[in-house]
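Residue-level structural notes
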Amino acid sequence: MKHTIPFILLLTALSACNRGIGFDIEGKLADNAAGVVYLVTENTSLDTLATAAVGADNTFRLRGKAAEPATAFICDDNGNVLSVMLIEKSRLHLTPADNGYVTEGGPVNDKYNIILRRLSGVASSAAEIDPESETAEEQYESLTAKYREILSTAISDNLDNIIGVELFIGQESKGMSAEEMRARMARFSPRMRELSAMRRFAEYVDTYERTETGRPFIDIPLTTIAGDDTSLGEICAANRWVLLDFWATWCEPCLAEIPYLQQAYAKYALQGFEICSISIDRDPSRWKAFVAHNRMLWTNALDTLDEDGESAAKAYGLQSIPCNFLISPDGTIVARNLRGEELLRELETRLEY
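Residues numbered from 1 in each chain as written. Predicted model: local features only at pLDDT ≥ 70, side-chain atom pairs only at ≥ 80, totals over all residues. Heavy atoms only, no water.

**Some thoughts on the overall build of the protein**
Counting its regular elements, the protein contains 12 helices and 15 strands. Dimensions of the protein along its principal axes, counting C-alpha atoms only, are 85 × 55 × 45 Å. Within the span of the protein, comprising 353 residues, buried residues form 43% of the whole. For the protein, contacts bridging at least 24 residues in sequence account for 60% of all contacts bridging at least 6. Of the accessible surface of the protein, which amounts to about 19700 Å², a share of 51% is contributed by carbon and sulfur atoms. (Helix = DSSP H or I, 4+ residues; strand = E, 2+ residues; numbered from the N terminus. Buried < 20%, exposed > 50% of the residue type's maximum accessible area, 1.4 Å probe, protein only. Contact = heavy atoms within 4.5 Å. Areas by Shrake-Rupley, 256 points an atom, 1.4 Å probe, with all protein chains shown as cover.)

**Regarding empty space enclosed by the protein**
Overall, the coordinates contain 1 cavity of 30 Å³ or more when judged by the stated rule. Computed from the structure, the largest cavity encloses a volume of approximately 30 Å³. Around the largest cavity, the lining residues are Asp-245, Trp-247, Cys-254, Glu-257, Ile-258, Leu-261, Met-296 and Pro-322. Those elements giving two or more residues to the lining of the largest cavity turn out to be strand S11 (242-247) and helix H9 (252-268). Counting residues per element, the lining of the largest cavity draws most heavily on H9, at 4 residues. (1 Å grid on protein atoms, 1.4 Å probe; cavity = no way out; pocket = protein on both sides within 12 Å on 5 of 7 lines; lining within 4 Å. Points joined across faces, edges and corners; volume = space filled by probe spheres on them.)

**Details of the sheet that holds strand S14 (residues 323-327)**
Taken in spatial order, the 5 strands make up an open sheet running S13-S12-S11-S14-S15, and their pairing is mixed. Every interior strand has two partners, whereas the edge strands, strand S13 (299-302) and strand S15 (333-336), have only one. Strand-to-strand twist in this sheet, taken as the mean axis angle between neighbours without regard to direction, amounts to 20 degrees. The strands that H9 touches are S11 and strand S12 (274-279); relative to S11, the one it contacts most, it runs at about 160 degrees. Contacts from helix H10 (residues 284-293) reach S11, S12 and S13 within the one sheet, and its direction differs from that of S13 by about 165 degrees. (Pairing = 2+ DSSP bridges. Axes fitted to C-alpha atoms, helices over the stretch in contact; angles between N-to-C directions.)

**Side note on the pattern of salt bridges**
Tallied over the entire structure, the rule returns 9 salt bridges. Arg-61 serves as the salt-bridge partner of Glu-26, at 3.9 Å between the closest nitrogen and oxygen. Taken as a pair, Glu-26 in strand S1 (residues 21-28) and Arg-61 in strand S4 (residues 59-66) lie far apart in primary sequence, 35 residues in all. Of the residues examined, Glu-26 reaches a relative accessible area of 25% and is grouped as partly exposed. (Salt bridge = Lys/Arg side-chain N within 4 Å of Asp/Glu carboxyl O.)

**Let's talk about the nonpolar core**
With 46 residues, the main nonpolar core has Leu-232, Leu-244, Phe-246, Phe-273 and Tyr-316 as its most contacted residues. Counting residues per element, this core draws most heavily on H9, at 6 residues. Non-local contacts of Leu-244, meaning those with residues more than four positions away in its chain, are made with Leu-232, Cys-276, Ile-278, Tyr-316, Cys-323, Asn-324, Phe-325 and Ile-327. Within the second largest apolar cluster, 32 residues are counted, among which are Leu-86, Leu-119, Ala-136 and Met-192. (Core = buried A, V, L, I, M, F, W, Y, C linked by side-chain atoms within 4.5 Å.)

**Focus: the sheet that holds S1**
Here we have 4 strands laid out as an open sheet, ordered S4-S1-S7-S8, and mixed in their pairing. For this open sheet the edge positions go to S4 and strand S8 (100-104), each flanked by a neighbour on one side alone. The sheet shows a mean angle of 25 degrees between the axes of neighbouring strands, taken without regard to direction. Strand direction decides the pairing type here: S1 and strand S7 (residues 91-97), joined by 4 bridges, are parallel. The partner of Asp-24 across the bridge, within S7, is Arg-91. On top of the sheet, helix H2 (residues 107-127) reaches S7 and S8; it is set at about 130 degrees to S8, its chief contact.

**Regarding helix H3 (residues 136-156)**
Counted at 1.5 Å a residue, the expected span for H3 with its 21 residues is 30 Å, and the 30 Å between its end C-alpha atoms agrees. Along H3, the positions that sit buried rather than exposed are Ala-136, Leu-143, Ile-150, Leu-151, Ala-154 and Ile-155. All buried residues of H3 lie within an arc of 130 degrees about the axis, which places them on one face of the element. Relative to its buried face, H3 has exposed residues pointing more than 90 degrees away, namely Glu-137, Glu-138, Arg-148 and Glu-149. Those residues of H3 that are buried are in contact with H2, helix H4 (162-172) and helix H5 (178-185). (Expected span 1.5 Å × (residues − 1). Arc of directions from axis to C-beta.)

**Observations concerning the packing of aromatic side chains**
Across all of its chains, the model carries 10 aromatic pairs by this definition. Relative to Phe-325, the ring of Phe-246 lies with its centre 6.4 Å away and its plane at 85 degrees, an arrangement referred to as edge-to-face. With Phe-246 in strand S11 and Phe-325 in strand S14, this pair connects stretches of sequence that are 79 residues apart. Accessibility expressed as a relative area gives 0% for Phe-325, which makes it buried. In this structure an aromatic cluster arises from ring pairing among Phe-168, Phe-188, Phe-201, Tyr-204 and Tyr-208. (Phe/Tyr/Trp six-rings, centres within 6.5 Å; stacked < 30°, edge-to-face > 60°.)

**Some remarks on the state of the cysteines**
Within the structure shown, the criterion is met by 1 disulfide. A disulfide-free cysteine, Cys-75 has its sulfur positioned 18 Å from the sulfur of Cys-251, the nearest such atom. Cys-254 supplies the cysteine sulfur nearest to Cys-323, a cysteine that is in no disulfide, at a spacing of 9.7 Å. Residue Cys-323 is classed as buried on the basis of its relative accessible area, which comes to 7%. (Disulfide = S-S within 2.5 Å.)

Printed below as a string of structure tokens:
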């Protein structure tokens, strides 16, 4: 009996040293698709968990250990994401799917894939709706409600594992208020709330709350494409409507928005409307050439990190692009993420008295 307590403490210490999730992923790519594959997670930066050469028979095996459950990406050396997966301690397989590859073979990923297939089925049905049909709007609303119900139920059923975390952060949180996001987060198990992804997301919610509609805009320093130092505050100071727009030249959805920005600027610039486009590009020469070629005549700036590691994107809690904020003449954020015709309709309502 003397040795019971020390022995238990030893087991506890050994257990702590061996914490982590061992992963083992095998796969076979299409002929000559890649020479190397990577398993990557997104932390404050992209972290590579494992690397594997692709053999002459196009097979590979990724093995290693992750610190905690997480969403990961299997990528090739051409920069393509082959599959999104969830880290779990099971022998997994990357297999061909309709639109590329899927990772399966473990209970977590198999369950996750079933949920994604159900959601994809609803989304496909929505895409097949004839927009000219008299019932198009009704059908779309019904399928949207069905999609949200499937998503919400799936998250509620997985509040104690990484499936729920991924679906919440990646999908359900979009369009939620900060209060709604915090309420949903509180329902997750303590272990899930302690994951790095959830802790980072909690920080994002705090930033998001500061940029919700009805809040005053956050001033940020800017250096324009012409090299002039200014700030968002100076741009907004002239009693004008301002659209703060985050984008990048490599972002296809961003490029699809440019014609609408051009229409809006051409129609309302003489009424004092201004666009402040902030690119997150890392190639200044490409950015400058693109802006000039596409005649983006409004204020353009390139986002950069300052000495404290701060940036415009960080100040506004950017999670994805395109992202925009419509700021009223009194400095209030009155709308977020206006796309295409929706942007033009909103400006027509606000600016045409």
